[in-house]
Amino acid sequence: MSTLGTLPVPPLGLGCMGLNWAYGPADRDESLATVRRALDLGVTFLDSADVYAGGENERLVGEAIAGRREEVTLATKFGIQTDPATGYPNGQVDGSPAYVRRSVDGSLERLGVDHIDLYYLHRPDPQVPIEETVGAMAELVTAGKVRHLGLSEASADTVHRAAATATIAALQSEWSLFSRDIESSVVPAAREHGIGLVPYSPLGRGMLTDASVRDLASDDFRRRLPRFAEGALEENLALVEQVREVAKRRGATPAQVALAWLLAQGDDVVPIPGTKRRTYLEENLGARDVVLGADDLAALSALVPSGDRTGDMTWVNRDTAPAR
């Protein structure tokens, strides 16, 4: 087992967003079967959010774990606002104490549980001091609705301020071979406070796999990401070929190598690759058996992708208003 702060979790978790949102059409039965197979295989750390599919992702996860709640370390997130017309984030966040209290009750109802093991602020609210948001989250721990607290895409300064307000177990940010920006200041800040690291999109949003990303579905949100744009995509797929060469030498797949690289970054790193198919779930788990040599790690760490990881970099590594 690994730990996030004092919260024990398996070395790999399951990111649940794509089960029914953002990555094109999904098969509900297969998504449910994927979560249940994850539990069978010991992947008991599940990650959702209230914004995914307008709350339906939490309902799906709740249905999948019904009768098996005691096996699961359940994480979900709150704070991101959506455009009613598209169902996707509109760039706004609500970190107000009132919204914290309202959001947790909605998530508990949709998940069908009486407590959440790890509750994240999905994005820091630039208008609300992090001390106020985290202070309200800490009240949920006292109330028994939440066991541990987390942040997502917080800057180093926000991490320091949050940790001075309450105990933070985990920081979830995008981190992969193709997303390295948190390494300079955010990762050290988290480690200074004993905060575990939960990389989301550890497979480069599917690019670091054998799956085709050339012909994405029309409703796949990756079509809007700079790294999947014409020109950048070809350059990045050329880099994936270098990952594939390492994989061949190690008798592994590119996805397994990408995950093994993250696991090699420290015992406090718990990636949450997402999938909506049992086949890929089982493939990802093979990363635990891949041992990368120093030369492999150096070669992989030297890869520099084309394009930012998101179209709006103000959406990540976020600061908040000063304390009042």
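The rules we used
- Residues numbered from 1 in each chain as written.
- Predicted model: local features only at pLDDT ≥ 70, side-chain atom pairs only at ≥ 80, totals over all residues.
- Heavy atoms only, no water.
- Buried < 20%, exposed > 50% of the residue type's maximum accessible area, 1.4 Å probe, protein only.
- Helix = DSSP H or I, 4+ residues; strand = E, 2+ residues; numbered from the N terminus.
- Pairing = 2+ DSSP bridges.
- Right-handed = clockwise from strand over helix to strand, strands pointing away.
- Polar contact = N/O pair within 3.5 Å; in protein donor to acceptor, adjacent residues only side chain to side chain.
- Contact = heavy atoms within 4.5 Å.
- UniProt positions renumbered as here; feature names shortened; annotations may be inferred.
- Axes fitted to C-alpha atoms, helices over the stretch in contact; angles between N-to-C directions.
- Parallel < 35°, antiparallel > 145°, perpendicular 65-115°, else oblique.
- Left-handed = near helix turned anticlockwise from the far one by under 90°.
- Salt bridge = Lys/Arg side-chain N within 4 Å of Asp/Glu carboxyl O.

### What to know about the pairing of strand 5 (residues 73–78)
- Within strand 5, 6 of the 6 residues are buried, leaving the element largely enclosed by the surrounding structure.
- The alternating pattern of strand 5 places T73, A75 and K77 and L74, T76 and F78 on opposite faces, both of which are buried.
- Where strand 4 (residues 45–47) and strand 5 come together, 3 bridges link them in parallel fashion. Within strand 5, the residue paired with D47 across the bridge is A75.
- Crossover handedness for the path strand 4 to helix 2 (residues 56–65) to strand 5: right-handed.
- As judged from the 4 bridges shared by strand 5 and strand 8 (residues 116–121), these two strands associate in the parallel manner. By the bridge assignment for strand 8, A75 is matched with L118.

### Quick notes on the side chain of S31
- Its location among the elements puts S31 in helix 1 (residues 28–40).
- The class of S31 is buried, set by a relative accessible area of 0%.
- A distance of 2.7 Å separates a polar side-chain atom of S31 from the backbone oxygen of L19.
- When near neighbours in sequence (up to four residues on either side) are disregarded, S31 contacts L19, A26, L60 and K276.

### Re the UniProt feature "domain: NADP-dependent oxidoreductase" (unreviewed entry) in the protein chain
- Here the UniProt-annotated "domain: NADP-dependent oxidoreductase" (unreviewed entry) positions come out as residues 11–303.
- Along residues 11–303, the helical share is 38% and the strand share 14%, with 24 Å between the first and last C-alpha atoms.

### Looking at the pairing of strand 10 (residues 170–174)
- Within strand 10, 5 of the 5 residues are buried, which leaves it mostly tucked inside the rest of the structure.
- Across the two faces of strand 10 the burial is the same, with A170, Q172 and E174 and L171 and S173 all buried.
- The sheet contact formed by strand 9 (residues 146–152) and strand 10 spans 3 bridges and is parallel. Among the inter-strand pairings, L151 is bridged to a residue of strand 10, identified as L171.
- Each parallel crossover has a hand, and the one from strand 9 via helix 5 (residues 156–163) to strand 10 is right-handed.
- As paired elements, strand 10 and strand 11 (residues 196–200) share 5 bridges and run parallel to each other. Across the sheet, residue L171 finds its bridge partner in strand 11, namely L197.

### Notes on the side chain of T76
- With respect to the helices and strands, T76 occurs in strand 5.
- The class of T76 is buried, set by a relative accessible area of 0%.
- Among all residues touching T76, those that are not within four sequence positions of it are S48, A49, D50, E58, S107, L111, I116, L118, Y119 and Y120.

### Some words on the packing of helix 4 (residues 130–142) against helix 5
- Helix 5 packs onto helix 4 with a crossing angle of 45° between their chain directions and a minimal axis gap of 9 Å. With respect to their mutual orientation, helix 4 and helix 5 come out oblique. Handedness of the crossing formed by helix 4 with helix 5: right-handed. Each of I130, E131 and V134 in helix 4 lies in contact with helix 5, whose residues at this interface are T158, R161 and A162.

### A short note on the environment of D296
- In this structure, D296 sits in helix 10 (residues 294–301).
- For the pair D296 and E70, spaced 226 residues apart in sequence, the C-alpha separation works out to 39 Å.
- Excluding residues within four positions of it along the chain, D296 makes contact with V246, R249 and R250.
- Among the polar contacts made by the side chain of D296, one reaches the side chain of R249 at a distance of 3.1 Å.

### Here we look at the pattern of salt bridges
- Applying the stated criterion to the full structure yields 27 salt bridges.
- Residue K248 pairs with E245 through a salt bridge whose shortest N-O separation is 3.6 Å. Of this pair, K248 and E245 both sit in helix 7 (residues 232–250), 3 residues apart, which is roughly one turn of the helix.
- For K248, a relative accessible area of 57% puts it in the exposed group.
- Because the salt bridges share partners, they merge into one network encompassing E153, E174, D181, R205 and R309.

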